[in-house]
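So you can see what is in the structure, the chains are spelled out below.
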Amino acid sequence: MVEPPWWRPERHALRRPNLLARAAIVAAIRRFFADRGFVEVETPALQVSPGLEPHLAAFETALAEPFRDGPVSPVYLHTSPEFAMKKLLAAGEEKIFQIARCYRNEERSPTHHPEFTMLEWYRVGAAHSELWADCEGLLAAAAEAAGAERLTRAGKSADPRARWTRISVCDAFARHAGIDLAATLDDVSDPALLAAAARAAPGWAPAPALLPAAARAAGVWTGPGDSWEDVFFRIFLARVEPSLGIGAPAILYDYPASMAALARLGPDRRFAERFELFACGLELANGYGELTDPAEQRARFAADRALRLRLRGSAYPVDEDFLAALESGLPDCAGIALGVDRLVMLAVGAERIEDVLWAPVAEPG
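Every value quoted in this text rests on a predicted model; they were computed, and no experiment measured them.

Thresholds applied
- Residues numbered from 1 in each chain as written.
- Predicted model: local features only at pLDDT ≥ 70, side-chain atom pairs only at ≥ 80, totals over all residues.
- Heavy atoms only, no water.
- Helix = DSSP H or I, 4+ residues; strand = E, 2+ residues; numbered from the N terminus.
- Expected span 1.5 Å × (residues − 1).
- Buried < 20%, exposed > 50% of the residue type's maximum accessible area, 1.4 Å probe, protein only.
- Core = buried A, V, L, I, M, F, W, Y, C linked by side-chain atoms within 4.5 Å.
- Polar contact = N/O pair within 3.5 Å; in protein donor to acceptor, adjacent residues only side chain to side chain.
- Contact = heavy atoms within 4.5 Å.
- Salt bridge = Lys/Arg side-chain N within 4 Å of Asp/Glu carboxyl O.
- Pairing = 2+ DSSP bridges.
- Axes fitted to C-alpha atoms, helices over the stretch in contact; angles between N-to-C directions.

Talk me through helix H3 (residues 130-146); I want residue IDs and the actual numbers.
Its 17 residues give H3 an end-to-end C-alpha distance of 25 Å, which sits within 8% of 24 Å, the value for a rise of 1.5 Å per residue. For H3, the set of buried residues is Leu 131, Trp 132, Asp 134, Cys 135, Leu 138, Leu 139, Ala 140, Ala 142 and Ala 143. Phi turns positive one or two residues past the end of H3, at Gly 147, with a value near 70°.

Here is the structure:
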């Protein structure tokens, strides 16, 4: 049965309670950060680089100067406001947040949408673990604003006011998949991950292919061409993620160094200062102790572009202005991005992201 358009009064009436809860949650987010001395900022969605995460697809357009035959430059809708917000930190801001519209192509599912709302915030001089308390307070405030006792989804629930679970990635693999992930950390075949692991530990050499065998023993299928990261995520999605944040939200921390993204490495350089927030088996947020070393950041960008070229045959440009901001002195800081739409989904018990969007992006055709 084909659903009527979202703007039909009968369908809007069904969705309207969720949308009013959304408005209340967004207002609560603003109060939460204002009460803690944060400044709300706005940065442009149009950027010279949309972000370099190899598995994300961006929307590209052209920026023309106001002359008929003037220059035309390719620009992209950002996948996150991260680069621009870090430039504001380099400019001297210390506690900032943004509720931003973000854009990712090739994404549409019950929990993904091509245009979505992201909450991103940063603290200068803070460790990434200090953001965990922000997350606890924010989820409690969102639930209260929506009049929800618990966050719920697909028969699972989590009480944001209960004691949260904090578990390392290695411990989560051991608990939920019976896999000793630490024993496989050198089991990397992807060139980009090889480079990251080698930078993290000079003298490093790859070990035998341990993770695929562990995955098969746990009943998780793997393919002959899978990289270490591919196998990691197959196990994670099948065995680990569905068990995270049940009863109470969970912080998953200490990601392997080869998956650091834009996070700095920790005291144990096998691991990065990266964490994710889960509730009801759904990822809500991704946070870092931010990388501030411009040389290391450039090397990671090069590795990300090389991986994307290998996987997709094209790569996005590097934001040289962002690297210049790092060169000028990005202060030690921690930052996190949280999916507002997913938070609203859990607060109202919605199954699909379209059920909490005022006006979903129409599907082609």
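Describe the nonpolar core, listing the residues and the values that go with them.
Soluble globular proteins tend to pack their nonpolar side chains together in the buried interior. In this structure, Phe 33, Leu 119, Trp 121, Leu 277 and Leu 338 are the most contacted members of the largest nonpolar core, which totals 42 residues. Of all the secondary structure elements, the ones that give two or more residues to this core are helix H1 (9-35), strand S5 (95-103), strand S6 (115-124), H3, strand S11 (271-279), strand S12 (282-289), strand S13 (333-339) and helix H10 (340-348). In terms of residue count, the dominant contributor to this core is H3 (7 residues).

Report on the side chain of Glu 273, specifying residues and quantitative values.
Here Glu 273 lies in strand S11. At 2.6 Å, the side chain of Glu 273 forms a polar contact with the side chain of Arg 264. The residues contacting Glu 273, other than those within four sequence positions of it, are His 128, Ala 263, Arg 264, Leu 265, Gly 266, Pro 267, Gly 287, Tyr 288 and Gly 289.

Residue-level account of the pattern of salt bridges, with values.
Tallied over the entire structure, the rule returns 21 salt bridges. A salt bridge links Arg 30 to Glu 40; its shortest N-O distance comes to 2.9 Å. A residue pair is termed long-range when its members are at least 10 positions apart, and Arg 30 in helix H1 and Glu 40 in strand S1 (residues 39-40) qualify at 10 residues. Measuring nitrogen to oxygen at the nearest pair gives 3.9 Å for the salt bridge that ties Asp 159 to Arg 161. Put simply, Glu 3, Arg 11, Arg 352 and Asp 355 are held in one network by salt bridges that share partners.

Pulling in residues and values, what's your account of unusual backbone geometry?
At Ala 154, a position not held by glycine, the phi torsion is positive, near 50°. Of note, Ala 154 is situated in the loop between strand S7 (151-153) and strand S8 (156-158). A positive phi is found at Asp 254, a non-glycine position, where the angle reads about 60°. For Asp 254, the location among the structural elements is in strand S10 (residues 250-256). Judged by relative accessible area, Asp 254 falls into the partly exposed class, the value being 28%.

So what's going on with the environment of Ile 167? Residues and values would help.
Mapped onto the secondary structure, Ile 167 falls in strand S9 (residues 165-168). Classification of Ile 167 by relative accessible area gives buried; the value is 4%. Taking C-alpha positions, Ile 167 is 33 Å from Leu 323, a pair spaced 156 residues apart along the chain. Those residues within four positions of Ile 167 in sequence are excluded, and the remaining contacts are Ala 172, Arg 175, Leu 244, Ile 251, Leu 252 and Tyr 253.

Pulling in residues and values, what's your account of the sheet that holds S10?
With mixed pairing, the 8 strands of this open sheet are ordered in space as S1-S5-S6-S13-S12-S11-S10-S9. The two strands at the open ends of the sheet, each matched to only one other strand, are S1 and S9. Taken together, the 9 bridges between S5 and S6 define a ladder with antiparallel strand orientation. Note on S6: the bridge partner recorded for Cys 102 is Phe 116. With respect to the sheet, helix H4 (residues 169-177) is in contact with S9, S10 and S11, its orientation differing from that of S9 by roughly 95°. Helix H7 (residues 228-240) rests against S10 and S11 of the sheet, and its axis sits at about 160° to S10.

Nothing here speaks to function; it is all geometry.
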